[in-house]
Amino acid sequence: MATPHINAADGAFAETVLMPGDPLRAQYIAENFLENAERVTDVRNMFGYTGTYKGKKVSVMGHGMGIPSCSIYVHELIKDYGVKNIIRVGSCGAVKDDVKLMDVIVAQGASTDSKVNRTRFANHDFAAISDFHLLETAVGEARKQNVSVRVGNVFSADLFYSPEADLFNTMDKLGILAVDMEAAGIYGVAAELGARALTILTVSDHIIRGEALSSDERQKSFNEMMTVSLETAIN
Ligand code: HPA
């Protein structure tokens, strides 16, 4: 049954949904990486597609920017469409000194300044972690494909334009690899609803060093992340 934000038919999604922030990225993935992909939802132009990868059914759908947006789509996919595995495929800004542009980051856990997981957990701290099976599979795939991969804690920020510049240095000291805007929210929804989730990120910029990828490097690094993510989706 359609939900307020997804107008796909019952059974339209695979058990595993890859989720970039940008719906046009979802379209790009469907057109360039999946076979026989069909668009299954288009509410608010937040496109979702289902096709196959190496013969196995896989879906891809945009989740928008920030924890409120991604939480809506992930919640409805799991609760109303029976999705079991969510793999976010996004970008991040690195903070840790030894993280390089072009690295792929697998978010083992996600810290946050968002209150959503405290709202879920009687105001206690919830350790927002990825599913170990998906994590192990993704790291194995990255190593197999010789992709430079880092595994650890990320920080899902509510504000892209943060006034707290000092916080990035504290994150670096605490071993946080990079900043995104969704992982902690997606891990919270998955835990609440009993699904598995993982976030895989390309490093598009280094926040402390002020570096950024060129558009060619962005595409190469995105393609590397996609092959790791698609192999994870079917294994
Ligand atoms: N902050 C949050 N999310 C991001 C960034 C950033 O600097 N870069 C890419 N995604």
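Preceding this section is the structure that the text describes.
Asks: Could you clarify how one ought to interpret the packing of aromatic side chains in this entry?
Replies: Geometry of an aromatic ring pair is reported as the spacing of the ring centres plus the angle between the planes. With the rule as written, the count across this model stands at five aromatic pairs. Seen in terms of ring centroids, phenylalanine 13 and tyrosine 81 are 5.2 Å apart; in terms of plane orientation they differ by 75 degrees. Their pairing is edge-to-face. A residue pair is termed long-range when its members are at least 10 positions apart, and phenylalanine 13 in the segment before β1 (16–19) and tyrosine 81 in helix α2 (residues 67–81) qualify at 68 residues. Considered together, phenylalanine 13 and tyrosine 81 belong to a single accessibility category, that of buried residues.

Asks: Would you mind going over the nonpolar core with me for this structure?
Replies: Nonpolar side chains tend toward joint burial in soluble globular proteins. By size, the foremost hydrophobic cluster in this structure holds 68 residues, and its most contacted members are Phe13, Leu18, Met61, Leu77, Ile86 and Ile105. A total of seven residues in this core trace back to one element, the largest contributor, which is helix α7 (residues 215–234). One finds Phe155, Met171, Ile176 and Val179 within the second-largest nonpolar core, a separate group that totals seven residues.

Asks: Whenever I open this one, the site of the ligand confuses me. Can you help?
Replies: The immediate surroundings of the ligand are formed by Ser91, Cys92, Gly93, Phe160, Val179, Asp180, Met181, Ser204, Asp205 and Ile207. Taking glycine 93, its main chain carries an N or O atom lying 3.3 Å from a nitrogen atom of the ligand. For the ligand, the accessible surface in isolation is 260 Å², of which the surrounding protein chains cover 86%. Here the ligand occupies the largest pocket. For the shell around the ligand, the secondary structure elements donating two or more residues are β5 (85–94), β8 (178–180) and β9 (196–206). Top element by residues in the shell around the ligand is β5. It accounts for three residues. Here the shell around the ligand is built from residues that sort into five nonpolar, three polar and two charged.

Reading the values: the criteria
- Residue positions within a chain follow its written sequence, with the count starting from 1.
- The predicted origin of the model limits local features to residues at a pLDDT of at least 70 and limits the giving and counting of side-chain atom pairs to 80 or more, whereas totals for whole chains, interfaces and linings rest on all residues.
- Hydrogens and water are ignored here; the side-chain numbers use all heavy atoms of the structure.
- Two aromatic rings, drawn from Phe, Tyr or Trp (for Trp, its six-membered ring), form a pair once their centres lie within 6.5 Å of each other, and the interplanar angle then sorts them: stacked below 30 degrees, edge-to-face above 60, tilted otherwise.
- Secondary structure counts use DSSP, requiring at least four H or I residues in a row for a helix and at least two E residues in a row for a strand, with both numbered from the N terminus.
- Residue burial is assigned from relative accessible area. The probe radius is 1.4 Å, only protein chains are included, and a residue is buried under 20% of its type maximum, exposed over 50%, and partly exposed in between.
- Only buried Ala, Val, Leu, Ile, Met, Phe, Trp, Tyr and Cys residues count toward a nonpolar core, and they belong to the same one when joined by side-chain atoms within 4.5 Å.
- We define proximity as follows: a residue is near a molecule or strand when any one of its heavy atoms falls within 4 Å of that partner.
- Pairing of N or O atoms within 3.5 Å defines a polar contact, subject to two protein rules: one partner must be a possible hydrogen donor and the other a possible acceptor, and residues neighboring in sequence count only if both atoms are side-chain atoms.
- Note on areas: Shrake-Rupley, 1.4 Å probe, and residue coverage restricted to the protein chains presented here.
- Lining residues are defined by having an atom within 4 Å of a point belonging to a cavity or pocket. Those points lie on a 1 Å grid over the protein atoms alone, cavities being sets where a 1.4 Å probe fits but cannot get out and pockets being open sets with protein on both sides within 12 Å along at least five of seven lines.
- More than half of a molecule's atoms lying within 2 Å of a cavity's or pocket's grid points is what places that molecule inside it.
- Gly is placed with the polar residues, together with every amino acid not listed as nonpolar (Ala, Val, Leu, Ile, Met, Phe, Trp, Tyr, Cys and Pro) or charged (Asp, Glu, Lys and Arg).

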